[in-house]
Amino acid sequence: ARIQLQLAIQEGEKHLTKQAKLGAVPLSFNSKCKKLDNDFAEQLDANVKAMQEPEYSAIAKILKAHRTVAFCHSGDVMDIQFPDVLLKLLKQNIQRAITALNQYQHEPEKFIALFKMAMDADYGYCLFMGELETSETRLIKQALLRYVDNSIAYYQQQISQNHELAYLRELFELYKLLDLSSDSNNHEELFELIKKLYRFELELELKVKSHYEGEDLTQTDETTTKGKVVLVLDFDQYGEGMAFPSEGYSMALEGSGTFVSSGASAHQNREENSKSKMIETAFTKRYRVEMNVCESFGKVKLYEPGKSIEKWEGDEPLTSSLNLRMNVTNNTLYVLEFPGIKDFVFPFNIEAAQQLMFEHTFRGQKSYDEGKTKYEADLSLKITHAPQ
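About the cut-offs
Here, residues in each chain are numbered from 1, in the same order as that chain's written sequence. Side-chain atom pairs in this predicted model are given and counted only at pLDDT of 80 or more, local residue features only at pLDDT of at least 70, and totals for whole chains, interfaces and linings cover all residues. Excluded from the side-chain calculations are hydrogens and water; all other atoms, namely the structure's heavy atoms, are used. Each helix is a run of H or I in the DSSP string that is no shorter than four residues. Each strand is a run of E no shorter than two, and both are numbered from the N terminus. Residue burial is assigned from relative accessible area. The probe radius is 1.4 Å, only protein chains are included, and a residue is buried under 20% of its type maximum, exposed over 50%, and partly exposed in between. Residue burial considers only the protein chains on display, and all accessible areas are found by Shrake-Rupley using a 1.4 Å probe. Contacts are residue-level and defined by heavy atoms, with any inter-residue pair within 4.5 Å sufficient. Fitted lines through C-alpha atoms give the axes, limited to the stretch in contact for helices. The angle between two N-to-C directions lies from 0 to 180 degrees. Note that the term roughly parallel is reserved for angles under 35 degrees, roughly antiparallel for angles over 145, roughly perpendicular for angles of 65 to 115, and oblique for everything else. Crossing handedness is defined as follows: a turn of the near helix away from the far one that is anticlockwise and smaller than a right angle gives a left-handed crossing, while the clockwise case is right-handed. Only Asp, Glu, Lys and Arg are considered charged in this grouping, and only Ala, Val, Leu, Ile, Met, Phe, Trp, Tyr, Cys and Pro are considered nonpolar; every other residue, Gly among them, is considered polar. Here is the rule: rings of Phe, Tyr and Trp (six-membered ring for Trp) pair when centre to centre is within 6.5 Å. Planes less than 30 degrees apart are stacked, more than 60 are edge-to-face, and the remainder are tilted. Ring-over charges, as used throughout, are those where CZ of Arg or NZ of Lys falls within 6 Å of the ring centre and within 35 degrees of the ring normal. Expected helix span is taken as 1.5 Å per residue step, with the number of steps being one fewer than the number of residues. Between any two strands, pairing holds if DSSP finds at least two bridges. The rule for a salt bridge is simple: a side-chain nitrogen of Lys or Arg has to be within 4 Å of a carboxyl oxygen of Asp or Glu.

K.L.:
Whenever I open this one, the overall build of the protein confuses me. Can you help?
P.N.:
Secondary structure summary: the protein contains 9 helices and 10 strands in total. Here the protein holds 388 residues, and the buried ones make up 44% of them. Surface exposure of the protein reaches about 21,100 Å², of which carbon and sulfur atoms provide 48%.

Below, the structure written as structure tokens:
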């Protein structure tokens, strides 16, 4: 056993160098919309070991031979000291990890492999030294923080300029790692960054036309409601744990915007004709949009275009005072039927890596009272990625 230990020590001494190079290229993995499966985990472990070769095998042989000598020793086990070369090889692994982090600090797709390599080197050295933190491990932490900062900047650029929205997962994971590495709480910084990057504009325009034709009265109403809402990520559903958004609809966006309704009405009976128009009044409406940026679909929940009292001016029709008519546009929306739409939920498909994510017009209609009353509407929705 002592001979085996001496041979292992001699082999380890051959690998000592001032400029340790990686034994293999770090494994690349683009985790955008992907999860780490068992196959990748096995590849990752093999890659990390390969990056630390030939020192990894040399350290393993020394430790194995040392355990055998200690097991066979009849005296005090403490008399069997660890050879100096073991500490030197462990330090060499620390330096190799730092060099690798600096070398690939602008290639975030290699981060998973490099991070695991750095943690393995850090753990092995601290375990040998019997300390939780050393000057060497502090150097690894500094290199990791540089890598994290560069990766965050990279994903920030990809999202804001190339509209690669699926990088949301990476930002969450990097900030979680930032919290662990820097011993600080970076939640507020993450939330502010996400609010700026995952910012969207929803433009809505609803044109409604209703027509009634009876024996004694003909009436036509035409109204238009339109406005814009700024949407940001709803953090209430995620909490302080910063868990990655759940499966299915992975992003919930909310916001308020200003809307204006306009319209005209014409009434005709046997005795007279009357016309009127809506007084345009701005009002605020809050909307919620849910999107799955990985599977490229989403939905807009639309219950009514705005809670407002619509005031009119002009000739008074026979039916009721125009100034008291409530929510003509809103009430008409409830009457309409849009093909394929249920419960006022309007689905859409996201165009990947495009600033204009969605633009579509939904057409609806409804008639009743034996065809005397007819409703027609065009609901136009447009969603744009608008980062600050």
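K.L.:
How do you make sense of unusual backbone geometry when you look at a structure like this?
P.N.:
With the exception of glycine, most residues fall at negative phi, and the peptide bonds are largely trans. In this chain, E53 is followed by P54 through a cis amide linkage whose omega measures 5°. Locating P54 in the fold gives a position in the loop between α2 (38–51) and α3 (55–72). With a phi close to 60°, H163 is a non-glycine residue in the positive phi region. Here H163 shows up in the loop between α6 (135–162) and α7 (168–182).

K.L.:
Would you explain the environment of I59 in this entry?
P.N.:
Inspection of the secondary structure puts I59 in helix α3. Sequence separation between I59 and L90 is 31 residues, and the spatial gap between their C-alpha atoms is 7.9 Å. Setting aside residues no more than four positions away along its own chain, I59 makes contact with L86, L89, L90 and N93.

K.L.:
Explain the packing of helix α1 (residues 2–14) against α3 here, please?
P.N.:
Geometry of a packed helix pair, given as the angle between the helix axes and the separation of the axes. Between α1 and α3, the shortest axis-to-axis distance is 8 Å and the interhelical angle comes to 160°. With respect to α3, the element α1 is oriented roughly antiparallel. Crossing of α1 over α3 shows left-handed handedness. Here R2, Q4, L5, A8, I9, E11 and G12 of α1 lie close against α3, whose contacting residues are A58, K61, I62, A65, H66 and V69. Along the lines of polarity and charge, the residues of the contact of α1 with α3 split into 7 nonpolar, 3 polar and 3 charged.

K.L.:
What exactly am I supposed to notice about the packing of aromatic side chains here?
P.N.:
Note on aromatic pairs: each is described by the distance of the centres and the angle between the planes. All told, the structure shown has 11 aromatic pairs when counted by the stated rule. Residues Y155 and Y167 carry aromatic rings whose centres are separated by 4.8 Å and whose planes lie at 40° to one another, so their mutual orientation is tilted. With Y155 in helix α6 and Y167 in the loop between α6 and α7, this pair connects stretches of sequence that are 12 residues apart. Given a relative accessible area of 6%, Y167 falls into the buried group. Between F358 and F362 the ring centres are 6.5 Å apart and the planes differ by 40°, which places this aromatic pair in the tilted class. We classify F358 as buried; its relative accessible area is 10%. Taken together, F338, F346, F348, F358 and F362 form an aromatic cluster joined through their ring pairs. Residue placement shows K285 over the ring face of Y287; its charged tip is 5.8 Å from the ring centre.

K.L.:
Explanation requested: helix α4 (residues 84–103) in the structure shown.
P.N.:
Because an α-helix packs 3.6 residues into every turn, residues spaced three or four apart end up facing the same way. With 20 residues, α4 ought to run about 28 Å at 1.5 Å a step, and its terminal C-alpha atoms sit 29 Å apart, in line with that. Those residues of α4 that sit buried are V85, L86, L89, L90, Q92, N93, I94, R96, A97, I98, A100 and L101. Buried residues along α4 sit against α1, α2, α3, α5 (111–129) and α6.

K.L.:
Got a minute to help me understand the environment of L86 in this structure?
P.N.:
Along the chain, the position of L86 falls in helix α4. Sequence-wise, L86 and F128 are 42 residues apart; in three dimensions their C-alpha atoms are separated by 9.1 Å. Beyond its immediate stretch of four places on either side in the chain, L86 contacts I59, I62, L63 and F128.

K.L.:
Please explain the pairing of strand β4 (residues 273–279) as it appears in this structure.
P.N.:
The side chains of a regular strand alternate, first on one face of the sheet and then on the other. With 5 bridges connecting them, strand β3 (residues 251–269) and β4 associate as antiparallel partners. Looking at β4, one finds that Q268 is bridged to N273.

K.L.:
Just checking my understanding: could you explain the pairing of strand β6 (residues 297–301) for this structure?
P.N.:
Judged from the 5 bridges that link them, strand β5 (residues 282–292) and β6 form a sheet pairing that is antiparallel. Its bridge partner being in β6, E290 is matched across the sheet by K299. Here β5 folds back onto β6, and the loop between the two strands holds 4 residues, one of which, S296, carries a positive phi near 60°. In the sheet, β6 pairs with strand β8 (residues 345–349) via 5 bridges, with the strands oriented antiparallel. Paired with V300 across the two strands is F346, which belongs to β8.

K.L.:
Would you mind showing me how to read the pattern of salt bridges here?
P.N.:
Close approach of charged atoms allows side chains with opposite charge to pair. If you walk through the whole model with that rule in mind, you get 10 salt bridges. Where R96 meets E55, a salt bridge forms, and the shortest distance between an N and an O atom there is 2.3 Å. Remark: E55 occurs in helix α3 and R96 occurs in helix α4; sequence separation between them is 41 residues. Among the ionic pairs, R288 bridges to E254, the shortest N-O distance being 2.5 Å. Of this pair, R288 sits in strand β5 while E254 sits in strand β3, and the two are 34 residues apart along the sequence. E254 gets classed as partly exposed once you look at its relative accessible area, which sits at 22%. Among the ionic contacts, a cluster of salt bridges with common partners joins E254, R286, R288, E290 and K299.

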